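Examining the three-dimensional arrangement
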2 protein chains.
Amino acid sequence: MSKDKPSIPKGTRDFGPATVVKRNYIFSVIRSTFEKFGFLPLETPAMENLSVLTGKYGDEGDQLIFKILNSGDFLSKVSGQDIEQGYKPLTRKISEKALRYDLTVPFARYVVMNRNDIAFPFKRYQIQPVWRADRPQRGRYREFFQCDADVVGTNSLLCEAEIILMMDEVLSTLGLDDFTIKFNHRGLLAGIAEAIGANGREADLCVAIDKLDKIGQDAVNQELLQKGFTEDAISNLQPVFALTGDIADLLPQLDTLLQNSAEGQRGLQDIRGMLSYLESFTVQKAKIQLDVTLARGLSYYTGCIFEVKVNNVQMGSISGGGRYDNLTGMFGLPGVSGVGFSFGVDRIFDVLEELNLFPQESQTITQVLISNFDEASMRYSLPVLQALRAAGISTELYPEAAKLKKQMAYADQKRIPYVLLIGSEEMESGNLNLRNMRTGSQQSLPLADILQQLQK
Amino acid sequence: MSKDKPSIPKGTRDFGPATVVKRNYIFSVIRSTFEKFGFLPLETPAMENLSVLTGKYGDEGDQLIFKILNSGDFLSKVSGQDIEQGYKPLTRKISEKALRYDLTVPFARYVVMNRNDIAFPFKRYQIQPVWRADRPQRGRYREFFQCDADVVGTNSLLCEAEIILMMDEVLSTLGLDDFTIKFNHRGLLAGIAEAIGANGREADLCVAIDKLDKIGQDAVNQELLQKGFTEDAISNLQPVFALTGDIADLLPQLDTLLQNSAEGQRGLQDIRGMLSYLESFTVQKAKIQLDVTLARGLSYYTGCIFEVKVNNVQMGSISGGGRYDNLTGMFGLPGVSGVGFSFGVDRIFDVLEELNLFPQESQTITQVLISNFDEASMRYSLPVLQALRAAGISTELYPEAAKLKKQMAYADQKRIPYVLLIGSEEMESGNLNLRNMRTGSQQSLPLADILQQLQK
């Protein structure tokens, strides 16, 4: 047995009670919004067959997948020659399973495996951890939760409008009141590439434009030049960066800019369709903005794309998503179109902490601690304890007759809002002493009144 | 990209929506009971350092731990000699992390790492998956959830009484009404070993007795003989197997049997202490039984032990636990006594299925599907959709004007209890057509009445 000071792997975290309670508050708002919109929960195993994951995230992604060593004698089928060929080919011989890297590939696998039993359009949400062997740094972990919702099997633009509504509802419910949902469309980006004379180069254009926020316009132009965009094309692009204003101003300008691009027209038509649905709904707090420079990992998305930023807080996007044409094609089932999005829980957590938006109730579990003065007070307290719990009030009795100061410190540390003091006087009178730990005030009340007061 | 039919690793499971919803119902009953008793949630990483896990589960257990291959070039520090020494020593050179095998060792590690910040007695619960490279078979999985609750840092027998109350509350709330909570005490088993003339042999005695249910009394005797118990000892043991009856009958018999054993006396004292607390509480449905042949993995437990069986159902124990003296000793922090227990969710799931105890509500997420006849009905429906959701009613609008039969089949497959039909007639009159999918009855009602009816 190791007597060394134990530790946890770098990039992973223990979540103590105070943190779990706050995280669960965020998860519960996300989950209840997903469910209110008709999404059903799915859970997939932490381990997937390595062959399911390999080749889905590019070479760099493949390196970041955590592989699981085969159990038993993993060397039994390995020869000296295998070892000489290096670790990459050897990996496949000693590892058949790996930890999931995201929730999208397992979802696609699930859809393909269960396509005959699923009612399409299939609306599923999934809230589970994923693992990546990234270099850990501030805000980047090797184990973190993803919260995804996707609809597959329909092209209806109602889904896009509802994504905006869900983003709005989750963040408004969490108390945020100044955030922007930016959207764009891959067709617009393709159309812009055409319009500036760089037909078919939207992939490179996107990669460069994606960095606009981080590196600025000049550096983006420089990158495009290095990638072989002509000076003319780059010069033609500059007015696009300047396209700002509200949606009603932008759309006519884009009509003109993209009038000769079929892809551009497709994008504009989708956007107008989505907006026409959105107009019939009330949006709570979100500002909604068309941003033609929004690019988001475009190898994957084919239609509308979304991203949410909290204004006046230093933090990357806290939610994003988009439409894709061919989710299950990687497993041989083409033609399943879908649209999905996800929330970044770690970032939302940090934003709520910074803005002090976690409600007090979201941080309380135990509501009442009954003090323990001696064996007699303890025995008197047992039915009281059970009565409080039967009324749905989370209650504990301090299990030993420790010093009152110690019991009070215990209540403080667990953030228990009430301590019920039952000493000899209280036992005699039947009026119990309820101390509010936040205000310090005390009330002497019969149990029935205490039940009534705390059940509110 | 692999175009092969994808699959999941053996021993793992996808949980589709219908199953997740039922499992979440079980988890929520367990969680809310734990919280009502003052337990706080803890979550630890799926990956632990291999050194934290190794040596805690015996040689056999060590083999069943899933190890994670080091990322990057895991061979860079491996020599040919390392490989010749076989897979066991090699494992430590190419793997530093592993998947947790249970929730107990990570809990002990957490307590040791955070001992200066924790308010003792520390009541924590933890509901997370664990992974074991066991041979998969019916009811045994390689990934499964554990639901543990433990109190560490107190010897109070109130904790033991509350474990019985929590087992009773969870299972009663889930609708079970015929189940037995068996308990025993390690001191009794040690005392019995003394009394039959096999002093100090309680470990072997327990291993054998533990199989009583499975292999019967004769086979247990045979095993004891093989392990070197004398014929006399085995003969002396036989009346112990016959010790039955209710607790009030058993205790005086045990007083006599164990009168010369300090360990036996300690056990009887603890049991009487626990029972005296329990008498002040109302137990809902559980039958409580002292079973001196209950043995449960005794290397670990030192005081009371518990196990729950559902009567008249073919199923092993669905909950169990006990007191241990030295949880954190494995990490160099001695003297932390605790008591804990856990629920077996997979088994509880099967029992509830078999007894048809999942409530209808626990299987419903989307409450209303609004039909989609054409573009006009769809647009009319958008504010209706939002009004229903705003009232807290999970609602979806079928996203396309598909055939009504297809939309009804979709509602059936998702077990949506109501379909709201909004065609031209309904749009004109403002009376919407609410169809109850279970009874087939339809009502024509204004939206306000529908909201009121469904909000009930």
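Residues numbered from 1 in each chain as written. Chains lettered and ligands numbered in written order. Predicted model: local features only at pLDDT ≥ 70, side-chain atom pairs only at ≥ 80, totals over all residues. Heavy atoms only, no water.

**What to know about the overall build of chain A**
A tally of helices and strands in chain A yields 19 helices and 16 strands. Against the globule reference of 23 Å for 456 residues, chain A gives a C-alpha radius of gyration of 28 Å, more extended than a compact globule. Dimensions of chain A, computed from C-alpha atoms along their principal axes, come out at roughly 90 × 65 × 45 Å. Relative to its 456 residues, chain A shows a buried fraction of 59%. Taking the contacts inside chain A whose residues are at least 6 apart along the sequence as the reference set, 67% of them involve residues at least 24 apart. Only carbon and sulfur atoms are counted for the fraction: they give 45% of the accessible area of chain A, which is about 19,100 Å². Of the side chains in chain A, 49 bear a positive and 56 a negative charge, and the two mean positions are spaced by 6 Å. (Helix = DSSP H or I, 4+ residues; strand = E, 2+ residues; numbered from the N terminus. Rg over C-alpha atoms; globule rule 2.2 N^0.38 Å. Buried < 20%, exposed > 50% of the residue type's maximum accessible area, 1.4 Å probe, protein only. Contact = heavy atoms within 4.5 Å. Areas by Shrake-Rupley, 256 points an atom, 1.4 Å probe, with all protein chains shown as cover. Lys, Arg positive; Asp, Glu negative; His and termini not counted. Charge placed at Lys NZ, Arg CZ, Asp CG, Glu CD.)

**Describing the relation of the copies chain B and chain A**
Taken as rigid bodies, chain B and chain A are interconverted by a rotation of 180° and an axial shift of 0.0 Å, the fit giving an RMSD of 0.0 Å. In the structure described here, the two chain copies are related by an operation that fits a two-fold rotation axis. Closest approach to the rotation axis within chain B is made by the C-alpha atom of isoleucine 68 of chain B, at a distance of 2.2 Å. (Least-squares fit on C-alpha atoms with pLDDT ≥ 70 in both.)

**Quick notes on the nonpolar core**
Ile26 of chain A together with Leu388 and Leu420 of chain B are the most contacted members of the largest nonpolar core, which totals 126 residues. Residues contacting isoleucine 26 of chain A, with those up to four places away along its chain left out, are Leu174, Val345, Ile348, Phe349, Leu352 and Phe358 of chain A. (Core = buried A, V, L, I, M, F, W, Y, C linked by side-chain atoms within 4.5 Å.)

**Here we look at the packing of helix H8 (residues 186-195) of chain B against helix H9 (residues 202-209) of chain B**
Residue and element names in this part refer to chain B. Orientation of H8 relative to H9, taken along the N-to-C sense of each, is 105°, at an axis distance of 9 Å. For the element pair H8 / H9, the angle class is roughly perpendicular. Of the residues in H9, those in contact with Arg186, Leu189, Ala190, Ile192 and Ala193 of H8 are Glu202, Leu205, Cys206 and Ile209. For the contact of H8 with H9, the per-class residue count stands at seven nonpolar, no polar and two charged. (Axes fitted to C-alpha atoms, helices over the stretch in contact; angles between N-to-C directions. Parallel < 35°, antiparallel > 145°, perpendicular 65-115°, else oblique. Nonpolar A, V, L, I, M, F, W, Y, C, P; charged D, E, K, R; others polar.)

**Topic: the sheet that holds strand S14 (residues 418-421) of chain A**
Residue and element names in this part refer to chain A. The strand order across the open sheet built from five strands is S13-S12-S14-S15-S16, with neighbouring strands paired in mixed fashion. Pairing within the sheet leaves two strands with one partner each, and these edge strands are strand S13 (395-397) and strand S16 (442-446). Adjacent strand axes in the sheet meet at a mean angle of 25° when their direction is disregarded. Here strand S12 (residues 368-370) runs beside S14; their pairing, made up of three bridges, is parallel. For valine 368, the partnering residue across the bridge sits in S14 and is tyrosine 418. (Pairing = 2+ DSSP bridges.)

**Concerning the sheet that holds strand S9 (residues 304-310) of chain A**
All names here are of chain A. As summarised here, the arrangement of the eight strands in space is S1-S5-S6-S11-S10-S9-S7-S8, forming an open sheet in which the pairing is mixed. Both outer strands of the open sheet, strand S1 (40-41) and strand S8 (287-290), are each paired with one neighbouring strand and no more. Pairing of strand S7 (residues 179-185) with S9, which is carried by seven bridges, proceeds in the antiparallel orientation. Note on S9: the bridge partner recorded for lysine 182 is glutamate 307.

**Considering the UniProt feature "binding site: L-histidine" (unreviewed entry) in chain A**
Residues and elements named next belong to chain A. Using the residue numbers shown here, the UniProt feature "binding site: L-histidine" (unreviewed entry) corresponds to Asp102, Leu103, Thr104, Arg132, Gln146, Asp150, Arg296, Tyr300 and Tyr301. With respect to the helices and strands, arginine 132 occurs in the loop between strand S5 (122-131) and strand S6 (143-152). Look past the residues within four positions of arginine 132 in its chain and what remains in contact with it is Leu64, Phe66, Tyr101, Asp102, Tyr141, Arg142, Phe144 and Gln146. Only 2.9 Å separates the side chain of arginine 132 from the backbone oxygen of tyrosine 101, close enough to count as a polar contact. By the element assignment, tyrosine 301 lies in the loop between S8 and S9. Among the residues examined, tyrosine 301 registers a relative accessible area of 11% and is labelled buried. Residues within four places of tyrosine 301 in sequence aside, it is in contact with Arg186, Arg296, Gly321, Gly322, Arg323 and Tyr324. (UniProt positions renumbered as here; feature names shortened; annotations may be inferred. Polar contact = N/O pair within 3.5 Å; in protein donor to acceptor, adjacent residues only side chain to side chain.)

**Describing the pattern of salt bridges**
Residues and elements named next belong to chain B. Taken as a whole and assessed by the stated rule, the structure comprises 48 salt bridges over all chains. Ionic pairing is found between glutamate 169 and lysine 36, a salt bridge with its closest N-O pair at 2.9 Å. Of the two residues, glutamate 169 sits in helix H7 (residues 158-173) while lysine 36 sits in helix H1 (residues 17-36), which places them 133 residues apart along the sequence. Across the salt bridge formed by arginine 296 and glutamate 307, the nearest N and O atoms sit 2.9 Å from each other. (Salt bridge = Lys/Arg side-chain N within 4 Å of Asp/Glu carboxyl O.)

**Considering the interface of chain B and chain A**
With 107 residues of chain B at the contact, the number on the chain A side is 107 residues. Of the roughly 9,300 Å² buried between chain B and chain A on both sides combined, carbon and sulfur atoms contribute 62%. Across the contact surface, chain B and chain A share six salt bridges. The residue glutamate 162 of chain B makes a salt bridge to arginine 389 of chain A at a minimum N-O spacing of 2.9 Å. Our enumeration of links across chain B and chain A arrives at 36 residue pairs in polar contact (both at pLDDT 80 or more). By residue number, the principal contributor to the side of chain B that touches chain A is helix H16 (residues 375-390) of chain B, which donates eight residues. Among the residues making up the side of chain B that touches chain A, the classes are represented as 54 nonpolar, 30 polar and 23 charged. (Buried area = accessible area lost by both parts, 1.4 Å probe.)

**Concerning the domain arrangement of chain A**
Often, the extent of an interface is quoted as the loss of accessible area upon association of its parts. Assigned domains of chain A: these are domain 1 (179-311) and domain 2 (364-455). Look at where the C-alpha atoms of domain 1 of chain A and domain 2 of chain A centre, and you get two points 60 Å apart. (Domains from an automatic or database assignment.)

**Considerations on helix H11 (residues 217-226) of chain A**
Residue and element names in this part refer to chain A. Restricting attention to buried positions, one finds in H11 the residues Val220, Asn221, Glu223 and Leu224. End-on view of H11: buried residues confined to an arc of 160°, all on one side of the axis. Of the exposed residues in H11, those oriented more than 90 degrees away from the buried face are Asp218 and Gln226. Tucked into the core, H11 has its buried residues touching helix H9 (202-209), helix H10 (212-215) and helix H12 (231-241). Count one or two residues on from H11 and you reach glycine 228, which has phi positive near 95°. (Arc of directions from axis to C-beta.)

**Regarding the environment of glycine 340 of chain B**
Residues and elements named next belong to chain B. The residue glycine 340 is located in strand S11 (residues 338-343) in this model. A relative accessible area of 6% means that glycine 340 is categorised as buried. Considering only alpha carbons, one finds glycine 340 and phenylalanine 306, 34 residues apart in sequence, at a separation of 9.6 Å. Sequence-distant contacts of glycine 340, defined by excluding residues within four places in its chain, comprise Ala149, Asp150, Ile163, Gly321, Gly322 and Tyr324.

**So, the packing of H7 of chain B against helix H14 (residues 262-278) of chain B**
Residue and element names in this part refer to chain B. In the contact formed by H7 and H14, the axes pass within 8 Å of each other and the chain directions differ by 55°. Considering their axes alone, H7 and H14 lie oblique with respect to each other. For the crossing formed where H7 meets H14, the hand is right-handed. Between H7, through Leu158, Glu160, Ala161, Ile164 and Leu165, and H14, the contact on the second element is made entirely by Met274, Tyr277 and Leu278. Taken together, the residues of the contact of H7 with H14 break down into seven nonpolar, no polar and one charged. (Left-handed = near helix turned anticlockwise from the far one by under 90°.)

**What about the environment of isoleucine 181 of chain B?**
Residues and elements named next belong to chain B. Position of isoleucine 181 among the secondary structure elements: in strand S7 (residues 179-185). Exposure remark for isoleucine 181: the relative accessible area of 0% places this residue in the buried category. Note: C-alpha distance between isoleucine 181 and glutamate 307 (126 residues apart in sequence) is 5.8 Å. Leaving out residues up to four positions away in the same chain, isoleucine 181 has contacts with Ile164, Met167, Asp168, Ala286, Lys287, Ile288, Gln289, Glu307 and Val308.

**Observations regarding H16 of chain B**
Residues and elements named next belong to chain B. The end-to-end C-alpha distance of H16 is 23 Å, a good match for the 22 Å that 16 residues give at a rise of 1.5 Å each. For H16, the principal kink sits at serine 381 and spans about 35°; a proline, proline 383, occurs within the next four residues. Within H16, the full set of buried residues consists of Ser377, Met378, Ser381, Leu382, Val384, Leu385, Leu388 and Arg389. Backbone geometry just downstream of H16 places glycine 392 in the positive-phi region, at approximately 85°. (Expected span 1.5 Å × (residues − 1). Bend = angle between axes of the 7 residues up to and from the residue.)

**A short note on the packing of aromatic side chains**
Applying the stated criterion to the full structure yields 26 aromatic pairs over all chains. An angle of 45° between the planes, with centres 4.3 Å apart, marks the rings of tyrosine 57 of chain A and tyrosine 101 of chain A as tilted. One end of the pair, tyrosine 57 of chain A, is in the loop between helix H2 (50-53) and helix H3 (58-63); the other, tyrosine 101 of chain A, is in the loop between strand S4 (97-99) and helix H6 (104-113), and 44 residues separate them in sequence. The residues tyrosine 57 of chain A and tyrosine 101 of chain A share a single accessibility class, namely buried. Aromatic ring contacts, followed pair by pair, group Phe34, Phe39, Tyr125, Phe341 and Phe343 of chain A into a single cluster. Sitting over the face of the ring of tyrosine 101 of chain B, arginine 132 of chain B holds its NZ or CZ atom 4.1 Å from the ring centroid. (Phe/Tyr/Trp six-rings, centres within 6.5 Å; stacked < 30°, edge-to-face > 60°. Lys NZ or Arg CZ within 6 Å of the ring centre and 35° of its normal.)

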